[in-house]
Structures are given as C-alpha cells and as structure tokens.
Amino acid sequence: MTYVLGLNAYHADAAACLVKDGGLVAAVEEERFRRIKHWGGFHSESIRYCLEEAGISLADVGHVAINSDSAANRWRRLAYALTSGVSPGYIIKRLRHRGDRADVAGNLRRALPDEKFTGTVHAVEHHLCHLASAFLVSPYDKAVAVSVDGFGDFSSAAWGLGEGGTLSVDGRVYFPHSLGVFYEAMTQFIGFPHYGDEYKVMGLAPYGEPAYVDKMKEIVRLKDDGSFALNLRYFRHASGEGANYSVKEGIPSGGRLWSDALSELLGPPRDPSAPLEDKHRDMARSAQVTYENAFFHLLGALHERYRTDALVLAGGCAYNSVANGKILERSPFKHVYVQSAGGDAGGSIGAAFAPWHKVEGDKARRHFVMDHAYWGPWATPEEIAVAISRRRADFEAAGCKIMRIADEATLCKRTAAAIAEGRVIGWFQGRLEWGPRALGNRSILGDPRRADMKDILNLKIKRRESFRPFAPSILREAVKDWFETDDDVPFMMQVFKIRPEKRKEIPAVTHVDGSGRLQTVTWAGNPRYARLIQIFGEITGVPIVLNTSFNENEPVVCKPEEAIDCFLRTRMDVLVLGDSFIER
Ligand SMILES: [Fe+2]
C-alpha cells in the first residue's frame, strides 16, 4: 500500500490530503480546525485528521509532497532580482522564508512530535500541482489543463496537456505578470482590503457598467500568443513594494498592490468604510470584463494549439465562477472540470497525485475521479448525541424542542416543510466539504421563492454585503427546466443564466443579471440532500433550495459543537444535526 500525504503549507489556506494507492481518502483545510479564515502556516490538525481517517500513523506514510519547490524557476528568479531593481532587503527576506519552507521533514517533526516520519519528501512546483490537482482527478482521459493564479514559485499561470497519467507543462506566465494580481489590486482599489475578497468584486460587477474597460486595456495587455502582460506602471509588487504578503499568527495579508498611477488613471480609490457608488460598481464590472477578456483570449489560443475539447481549471482564478460559466459560450471548449478546492488548498491534491504517478510508474493507472466534495471530518450519531446533551440547558433556555427522527423520509419532509414556511435551517450531515463552498453537508438552507429571504438571512445570521447573491442547489435532472445551460456543476464553480421566465419564481437565488451560481445535486453524490430537495420540490413545485455556508463570519462549521454554537448565537430557526431535528 502506498500512502502519499499532500500538503499546501506556509501560506494561506493551509490544507492536507491523503492519497492511498492513487485514490483520495481525506482532504481538509486547516482553517476548519483553527477557526481562523484562510489560516496559513505549517499545519498539524488537518494532517492529524487525514491520518486518523485512514487509521494510520505518519510512519505508514511513504511520501509527503508539498505544492511548492523553492528550486523551481531559480534562474529566472535570480535574473529578475539582478535586473529589476527589487530592493535587496526584500530578496533577503524571501530567501530566509524559503529556507524555512524547505525543511518539510523538520516542520513535520515539530508539528507532530508524537509521530515519526521516515518517508521521502517531494517538493512539487506550485503550478504543476495546480494542473495536476485538476487533471489527475478529472473524469477526462485527455484535457487541456490551465492554472491561473496570483503567484506561486515565481509564475502566475501555466498550461499543458494531460493524457492518461501524464501531464505536460508547456507554457507559463512569470512574475511579475499576473491576472490574479490584477484582480486582487482592483479588489483593494475598490475598497475590499482582506485576503480573499475578490468574490465581492465578482458579486458587485453585474450592478455596474463596463465603463472603465478601455482604460483597463492599458493595465492588462493581451499578447499574440494568447498570454498577457501587466503594465507595471500601475503596480507596486514588481519592485518588492506591496508584495509584502505575509502570514502572521495564521492570518494572511498582503500589501497594497496598486501604484499611484492607477488612481491617476481611474480616479481616487474607495475607502473601505465609504459607501459604494456607481463608479465603484463600474470599476468592478470593468475588472471582471478585463479578466474575462484575458481568460478567453488564453483559452482560445490553447484550444487552437491542442485541438482538444475538454478543459480542466485550477488556481485562485478558478474560483471566478462567473467567467467559468461562460466557457461553453465564449471559448471552443465543450467540457469543463474544476475540482471543489480549485485554489491553493487544492494544490495539495496535485502535490499528492503527481508523485504517486511518478513513484508507481506504469502501475499508476488513473482510476480516481473526484465527483463529490465530501472528504472531511464527520461525526458519529453518538458524538452528535453527546454534543446535544452537553448543551441541553442552553437549548431549553432558548425554548428549543429536540426530536430524533430516524426515518430519513420523515426527517426530509419535516425539514422541507420548514423551509417552505420561510424558516432558516442549519443542515449538518455526513462529511465536511473540501473547498470553500458548503455543498449540502454544512449548509444553511432557505426558501428560494421568497424575495425577502436574502434580507432574512442577512438579518438573522450572515450580516454580509447586500449586493452579494445567495446560491441555488438544484436537482441535476431539473437543471434544463430552470437554467439556460444544462450541465454538471457539482461544486458551484460555474454561474449560469436562469431562464428568464423562471427568474421571478426564485428571486432569492437570482442575481441582478439573472444568473445563479448553482450546485447540481445528484442522488449518487449526496442522496440525503437530493431527497430533501426532491421533497421540497413536491411541496412547492420548485426543486431548488437556497444554500449558503453554515457559519457566521468564521470558517464553515466542522464539528457538531460548532454548529450548535452557531445555531444558538444566531437567530436560525431549525438545526438538523444528523437525525436530530431541533427547532426554536
Ligand atoms: Fe496558487
């Protein structure tokens, strides 16, 4: 038996996964245990969990693979450092950081002092990991693999061809050019300063007009070979300034990426506390359009080069579900796959699968497809019962009724009826989702038919920006009746247009431009969730529920205790924990 432990460490979204003989056993982000969003650094809890799930110790793990190789692109890095005028202090800081990163075995020993590791460490280049994380777990035997990102190992994008168990890296975009950095700089400029705020710009974009697109052509230049380059006048990262990305006590943050020239071009930036105005909406729309233009320029060139119709995507920009949703319409590709953790956490999957193929050589036939996202921790019925009984006094004080409903159909009927009455449900089932999206195991559910559901959710639990849409989970077989595109979207990685005549029926999950970031639910992928949605459909005629992540300004809940805490401190109406139905 060959075990490979895959890691994304030392920066945001630290994560671990375990692969056994070429099949995934477990995968989870460290933030779910530490309870700090995007937790970075070297992680112990997610590694411990992966070992526990497999019932093994670190001594049984033959290979540990990390999605970063400090030796990668070394000559380019050196040449850049010598010719670009980057400050020497910055270079020394980066080199020191890199030394610490190289000692994976030492960090493992320190993080898990009670375990022993005698296997081999593999440092796998960042973008190869991204490409592998998409292709090697995809349903395709042959596909074009594309990674678009901020930066990792001195490059920001890469592409190649996957065939069987092999994967080539045929092209790259190197530092300091990066579409991810462009989007992040615009996110900061529009007044969203936190790591990972890009999705807010994506949500805001449809409210604006693409008024700044011509100006942004100055910032991102499209090249004849399909790739792109930044006009560095508008950025600070190329000189080391503003590139001072760091992780302090697990919390990642980045410096200001844009230069004063950007405010000369676009006008003043928005202060995070200032109200959003039309010009900010227009900037968001223009940034999204600029990103899409560069993305489809690249995809067009790659299809021309490889003449293959399947595409797999990874890297931070793979979370741009709006752009992903237009791939079938705006590029010649006919099939798309993005795994549930498309970003850096997901790189751990590529790190683990790539060496397995190398280590096992010809034996390493691909047999694993990631067709669901449920790879994280779970709770036994006994653990759930203990967690509930520990908080019995709090439940009583909140006036809650607790029932155990062992029959699944009855449980789903009861829950579906509560949703249809406009109540807000915390739904905790099975294994935690891998990746940032709650996909029906750690979800808050609501009625998509109610125009006021968004306000109810924001008032009771979420308190998030009013412009951000909520997402629909829909039975796979119903997609063609409700959406203009009929395709699988198991991980909410694509946004499709809702059929115009249906939009008024599901206002709570219809974005301002008539789109929805759907999750297509299958009976094989998540039978209990499919059943719930089917019963909701029988009651209401709408085989769709509103699905948002089970959390309140924190990482998605992992354990029953955290779900109970979240339920009790918010104004959620019902909590379904496994077979237990708790209502206020
Ligand atoms: Fe990355």
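As the structure is a prediction and not an experimental result, all values here were calculated from the model. (Residues numbered from 1 in each chain as written. Predicted model: local features only at pLDDT ≥ 70, side-chain atom pairs only at ≥ 80, totals over all residues. Heavy atoms only, no water.)

Draft legend 1. Seen up close, the sheet that holds strand S22 (residues 519–521). Taken in spatial order, the eight strands of this open sheet run S16-S25-S24-S17-S18-S23-S19-S22, and their pairing is mixed. Each of the sheet's edge strands pairs with one partner strand only, and the pair in question is strand S16 (401–404) and S22. Pairwise comparison of adjacent strand axes, ignoring direction, gives a mean angle of 25° for this sheet. Sheet topology note: the strand S24 (residues 574–577)/strand S25 (residues 580–583) ladder contains four bridges and is antiparallel. For Val 574, the partnering residue across the bridge sits in S25 and is Glu 583. (Pairing = 2+ DSSP bridges. Helix = DSSP H or I, 4+ residues; strand = E, 2+ residues; numbered from the N terminus. Axes fitted to C-alpha atoms, helices over the stretch in contact; angles between N-to-C directions.)

Draft legend 2. Spotlight on unusual backbone geometry. Cis geometry is found at the peptide bond from Phe 175 to Pro 176, where omega equals 5°. Mapping Pro 176 onto the fold places it in the loop between strand S9 (171–174) and helix H7 (179–189). Positive phi, close to 60°, is recorded for His 38, a residue that is not glycine. The phi dihedral of Asn 553 falls on the positive side, at around 50°, and the residue is not glycine. With respect to the helices and strands, Asn 553 occurs in the loop between strand S23 (544–549) and helix H21 (560–569). Assessed through its relative accessible area of 59%, Asn 553 is described here as exposed. (Buried < 20%, exposed > 50% of the residue type's maximum accessible area, 1.4 Å probe, protein only.)

Draft legend 3. Summary view of the environment of Gly 152. By the secondary structure assignment, Gly 152 is in strand S6 (residues 142–152). C-alpha of Gly 152 to C-alpha of Asn 67: the two residues are 85 residues apart in sequence and 9.0 Å apart in space. Apart from residues no more than four positions distant in its own chain, Gly 152 is found in contact with Glu 125, His 126 and His 127. (Contact = heavy atoms within 4.5 Å.)

Draft legend 4. Molecular detail of the packing of aromatic side chains. Counted by the stated rule, this structure contains twelve aromatic pairs. Look at Phe 33 and Tyr 49: their rings are 6.3 Å apart centre to centre, the planes differ by 40°, and that puts the pair in the tilted class. Here the residue Phe 33 occupies a position in helix H1 (residues 31–34), and Tyr 49 occupies one in helix H2 (residues 45–54), the gap between them amounting to 16 residues. Within the aromatic cluster, the residues linked to one another by ring pairs are Tyr 183, Tyr 291, Phe 295 and Phe 296. Lying over the aromatic face of Trp 482, Lys 502 brings its terminal NZ or CZ to 4.3 Å of the ring centre. (Phe/Tyr/Trp six-rings, centres within 6.5 Å; stacked < 30°, edge-to-face > 60°. Lys NZ or Arg CZ within 6 Å of the ring centre and 35° of its normal.)

Draft legend 5. Layout of the sheet that holds strand S5 (residues 120–123). Reading across from one edge, S3-S2-S1-S4-S5 is the order of the five strands in this open sheet, with mixed pairing throughout. Of all strands in the sheet, those with a lone pairing partner are strand S3 (23–29) and S5, marking the two edges. For this sheet the average axis-to-axis angle between neighbouring strands, irrespective of direction, equals 20°. Two strands pair when backbone bridges link them, and strand S1 (residues 3–8) and strand S4 (residues 63–66) are joined in this way by four bridges, in the parallel orientation. Residue pairing for S4: Leu 5 is matched across the bridge by Val 64. Across the sheet, H2 lies against S1, strand S2 (15–20) and S3, angled at about 150° from S3, the strand it touches most. In this fold helix H14 (residues 344–360) packs onto S1, S2, S3, S4 and S5, with an angle of close to 145° to the strand it touches most, S1.

Draft legend 6. Spatial organisation of the coordination of the iron ion. Here the iron ion is held by the protein donor atoms His 126 (NE2), His 130 (NE2), Asp 149 (OD) and Asp 344 (OD), which lie 1.9 to 2.2 Å from it. The site at the iron ion holds four donor atoms, and with the angles between them running 91 to 159°, its shape is irregular. Donor residues for the iron ion, ordered by position in the chain, follow H-x3-H-x18-D-x194-D. Here His 130 is found in helix H6 (residues 126–135), whereas its partner Asp 149 is found in strand S6, with 19 residues between them in sequence. As far as burial versus exposure is concerned, His 130 and Asp 149 are alike and both buried. (Donors = N, O, S within 2.8 Å, 3.2 Å for Na, K, Ca; no water. Tetrahedral: all angles 85-135°; square planar, octahedral: opposite > 155°, others 65-115°.)

Draft legend 7. Summary view of helix H15 (residues 381–390). When we look at burial in H15, the residues that qualify are Ile 384, Ala 387 and Ile 388. Angular distribution of buried residues about the axis of H15 spans 100°; they occupy a single face of the element. Of the exposed residues in H15, the ones pointing more than 90 degrees away from its buried face are Glu 382 and Arg 390. (Arc of directions from axis to C-beta.)

Draft legend 8. Focus on the pairing of S25. In S25, alternate side chains face the same way, and those of Ser 580 and Ile 582 on one face and Phe 581 and Glu 583 on the other are all buried. In terms of strand pairing, S16 meets S25 through four bridges, oriented antiparallel. If you follow Lys 401 over to S25, its bridge partner there is Glu 583.

Draft legend 9. Structural view of the environment of Val 509. With respect to the helices, strands and loops of the structure, Val 509 is situated in the loop between strand S20 (496–497) and strand S21 (515–516). Residue Val 509 is classed as buried on the basis of its relative accessible area, which comes to 1%. Taking C-alpha positions, Val 509 is 5.3 Å from Ala 471, a pair spaced 38 residues apart along the chain. Leave out the neighbours within four places in its chain, and Val 509 touches Pro 448, Phe 470, Ala 471, Pro 472, Ile 498, Ser 515, Gly 516 and Leu 546.

Draft legend 10. Focus on the nonpolar core. By size, the foremost hydrophobic cluster in this structure holds 100 residues, and its most contacted members are Val 146 and Met 186. The greatest single-element share of this core, amounting to eleven residues, is contributed by helix H11 (residues 278–306). For Met 186, the contacting residues outside a window of four places in its chain are Met 216, Leu 262, Leu 266, Met 283 and Ala 287. Leu 411, Trp 427, Tyr 529 and Phe 536 belong to the second-largest nonpolar core, a separate cluster that totals 62 residues. (Core = buried A, V, L, I, M, F, W, Y, C linked by side-chain atoms within 4.5 Å.)

Draft legend 11. Structural context of the pattern of salt bridges. Enumeration over the complete set of coordinates arrives at 40 salt bridges. As a salt-bridge pair, Arg 32 and Glu 29 come within 3.9 Å of each other at their nearest N and O atoms. Here Arg 32 falls in the buried class, since its relative accessible area comes to 2%. With relative accessibility at 5%, the residue Glu 29 sits in the buried group. Note that Arg 423 and Glu 421 form a salt bridge whose closest N and O atoms lie 4.0 Å from each other. When salt bridges that share partners are traced, they join Arg 35, Glu 552, Glu 554, Glu 562 and Arg 569 into one network. (Salt bridge = Lys/Arg side-chain N within 4 Å of Asp/Glu carboxyl O.)

Draft legend 12. Quick look at the pairing of S23. Among the six residues that make up S23, six are buried, leaving the element largely enclosed by the rest of the structure. Bridge count between strand S18 (residues 442–446) and S23: four bridges; the pairing is antiparallel. Among the inter-strand pairings, Leu 445 is bridged to a residue of S23, identified as Asn 547. Across four bridges, the pairing between strand S19 (residues 471–475) and S23 is antiparallel. Bridge assignment links Ile 474 to a residue of S23, and that residue is Ile 544.

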